[in-house]
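# Fold and contact review
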Amino acid sequence: MKSQLEQIKQTAINMLQEIQDATELDAWRVKYLGKKGELTALLKQMGKLSADERPVMGQLANEVRETLTNSMEEWKKSIEESMLNARLTHETVDVTIPGKKTAIGHQHPMYIVLDEIKGIFVGMGFESLDGPEIELAEYNFDRLNAEEGHPSRDWSDTFYFDQDSRVMLRSQTSPMQIRAMETRTLPIRIISPGRVYRKDEVDATHSPMFHQVEGLVVDKGITMADLKGTLNTVVEKLYGEGTKTRFRPHHFPFTEPSCEMDVQCHKCSGVGCPTCKYEGWIELLGAGMVHPKVLEGCGIDTNVYSGWAFGIGLERTAMRRFKIADLRLIFENDIRFLEQF
Ligand code: PHE
């Protein structure tokens, strides 16, 4: 029996060396140390031994069990360790490989300019209003003193929704003058940026959709001097201190007198060059004193109140500001273009 014990121990230990993974190890444990294992089977035969031999053999059997259990634990540890090492080498992360860059978006050049304009006016106490792009001809024309028959109402210029030419895509932000006077209490100081629509073919300087910013002031004792002073301040903030402006007479149905404001060409300082088409000046915006008919149509007493208004094209302002030669670049949203700002 003693030699049988020795043999079990030897084979078990030899077998253990061959084992590679946890499943094999478990099978080995069942085979040698389990309840139905070889060692237990042998111990069951102890009854056949004499009373003297039994304790000796019992002790020996316990020693074998202990040795095998210890060897198993050790082997288990070393298998686990080598498995862990294998995983660690396999799953190594090379922290020195350059990562993937996340592209960060930024503002569109036209909105950079719009935000500047808003900032300047808000700083002067103006409020910025949103308005509808689908507008009534009543607001876009009638109440702005452009009555039936006015050339700008023509079907060839304006997108109408109905046969009666009553509902349309607004052709200017000026209807916001009326909407502001209808909904606000006096005095009024507002700007209103937004999209406008006209039946123009797309080219380097035209688009059927573009953006304007409207401005309106109505208060007691407002004069043309307020208009000039405010707009000159805005232009200096936009284009730099000392920027020269000039006001030319013009005509708009809803202002009287009306004017256009030019800025001196930044390229040639007024001498004349291709940028200003050799005029020395670049047209910037339309403006004027709000026509008394328009004020009265909104229930404002023209004996007490007067006002001025302006409208500026945003695309053109951005184009001048960033020296963009083609209007289409502003709408195409080509990332190679947009990334430059
Ligand atoms: N609405 C005019 C245009 O689109 C601009 C303008 C606005 C003129 C306000 C005077 C006052 O050309």
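Residues numbered from 1 in each chain as written. Predicted model: local features only at pLDDT ≥ 70, side-chain atom pairs only at ≥ 80, totals over all residues. Heavy atoms only, no water.

Working note: a packed helix pair is described by the angle between its axes plus the distance between those axes. Two numbers describe how helix H2 (residues 22-33) lies on helix H4 (residues 53-90): the axes approach to 11 Å, and their chain directions differ by 180 degrees. In terms of orientation, H2 lies roughly antiparallel with respect to H4. Of H4, the residues touching H2 (which contributes Leu25, Trp28, Arg29, Tyr32 and Leu33) are Arg65, Leu68, Thr69, Met72, Trp75 and Lys76. Its residues assigned to classes, the contact of H2 with H4 comprises 7 nonpolar, 1 polar and 3 charged. (Axes fitted to C-alpha atoms, helices over the stretch in contact; angles between N-to-C directions. Helix = DSSP H or I, 4+ residues; strand = E, 2+ residues; numbered from the N terminus. Parallel < 35°, antiparallel > 145°, perpendicular 65-115°, else oblique. Contact = heavy atoms within 4.5 Å. Nonpolar A, V, L, I, M, F, W, Y, C, P; charged D, E, K, R; others polar.)

Now for the pairing of strand S9 (residues 305-313). In terms of burial, S9 is a largely internal element, 7 of the 9 residues being buried. As defined by bridge partners, strand S5 (residues 209-220) adjoins S9 across 9 bridges and the pair is classed as antiparallel. Within S9, the residue paired with Val217 across the bridge is Trp308. In terms of strand pairing, strand S8 (residues 281-290) meets S9 through 5 bridges, oriented antiparallel. Note on S9: the bridge partner recorded for Met289 is Trp308. (Buried < 20%, exposed > 50% of the residue type's maximum accessible area, 1.4 Å probe, protein only. Pairing = 2+ DSSP bridges.)

Pairing is mixed across the open sheet formed by 7 strands, whose spatial order is S1-S4-S5-S9-S8-S7-S6. The open sheet terminates on both sides in strands that have one partner only, identified here as strand S1 (127-128) and strand S6 (245-252). Note that strand S4 (residues 188-197) and S5 share 10 bridges and pair antiparallel. The residue bridging Ile191 from the neighbouring strand is Gly215, located in S5. Set on the sheet, helix H5 (residues 109-123) makes contact with S1, S4, S5 and S9; between it and S4 the angle comes to about 165 degrees.

Once that is clear, we can look at the packing of aromatic side chains. Counting across every chain of the model gives 8 aromatic pairs. Measuring from centroid to centroid gives 5.3 Å for Phe121 and Phe310, while their planes differ by 15 degrees, and the two rings are stacked. One end of the pair, Phe121, is in helix H5; the other, Phe310, is in strand S9, and 189 residues separate them in sequence. With respect to class, Phe121 is no different from Phe310; both count as buried. One aromatic cluster is present, built from ring pairs that chain together Phe121, Phe126, Trp308 and Phe310. (Phe/Tyr/Trp six-rings, centres within 6.5 Å; stacked < 30°, edge-to-face > 60°.)

Take the packing of helix H1 (residues 2-18) against H2 next. Packing of H1 against H2 leaves a shortest axis separation of 10 Å and a crossing angle of 175 degrees. The angle between H1 and H2 falls in the class roughly antiparallel. Across the interface between the two elements, Ile8, Thr11, Ala12, Met15, Leu16 and Glu18 of H1 pack against Glu24, Leu25, Trp28 and Tyr32 of H2. Partitioning the contact of H1 with H2 into residue classes produces 7 nonpolar, 1 polar and 2 charged.

Once that is clear, we can look at the nonpolar core. Counting 39 residues, the largest nonpolar core has Leu231, Leu285, Trp308 and Phe310 as the members making the most contacts within it. Of all the secondary-structure elements, those providing two or more residues to this core are H5, S5, helix H8 (224-239), strand S7 (255-264), S8, S9, helix H10 (314-322) and helix H12 (335-338). With 6 residues, H5 is the single largest residue contributor to this core. Those residues in contact with Leu285 that lie beyond four places of it in its chain are Leu231, Cys259, Glu260, Met261, Phe310, Gly311 and Ile312. Counting 21 residues, the second-largest nonpolar core is a separate cluster that includes Ala12, Leu33, Met46 and Leu60. (Core = buried A, V, L, I, M, F, W, Y, C linked by side-chain atoms within 4.5 Å.)

The grouping of Asp154, Asp157, Asp200, Glu201 and Asp203 at the surface amounts to a negative patch. Tracing the sequence through the fold places Asp154 in the loop between helix H6 (137-140) and strand S3 (167-169). When its relative accessible area of 40% is taken as the criterion, Asp154 is described as partly exposed. (Patch = residues over 30% accessible without salt bridge, like charges linked within 9 Å, V, L, I, M, F, W, Y side chains within 5 Å. Areas by Shrake-Rupley, 256 points an atom, 1.4 Å probe, with all protein chains shown as cover. Salt bridge = Lys/Arg side-chain N within 4 Å of Asp/Glu carboxyl O. Lys, Arg positive; Asp, Glu negative; His and termini not counted. Charge placed at Lys NZ, Arg CZ, Asp CG, Glu CD.)

A few words on the pattern of salt bridges. By the definition in use, this model includes 16 salt bridges. In this structure, Lys31 and Glu38 form a salt bridge, with 3.1 Å as the shortest nitrogen-oxygen distance. Note on Glu38: relative accessible area 31%, which makes it partly exposed. In this structure, Arg143 and Glu182 form a salt bridge, with 2.6 Å as the shortest nitrogen-oxygen distance. With Arg143 in the loop between H6 and S3 and Glu182 in helix H7 (residues 175-183), this residue pair connects regions lying 39 residues apart in the sequence.

Further remarks concern the site of the ligand. The ligand sits among 14 residues. The nearest are Gln172, Ser174, Arg198, Gln212 and Gly311. Within the side chain of Ser174, one N or O atom sits 2.9 Å away from a nitrogen atom of the ligand. A distance of 2.9 Å separates an oxygen atom of the ligand from a polar side-chain atom of Gln212. For the ligand, whose free accessible area comes to 320 Å², the fraction covered by protein is 89%. Counting residues per element, the ones that place at least two in the shell around the ligand are S5, S8 and S9. (Near = heavy atom within 4 Å. Polar contact = N/O pair within 3.5 Å; in protein donor to acceptor, adjacent residues only side chain to side chain.)

In this section: the domain arrangement of the protein. Along its sequence, the protein is carved into domain 1 (2-90) and domain 2 (109-338). Distance between the C-alpha centres of domain 1 and domain 2: 95 Å. (Domains from an automatic or database assignment.)

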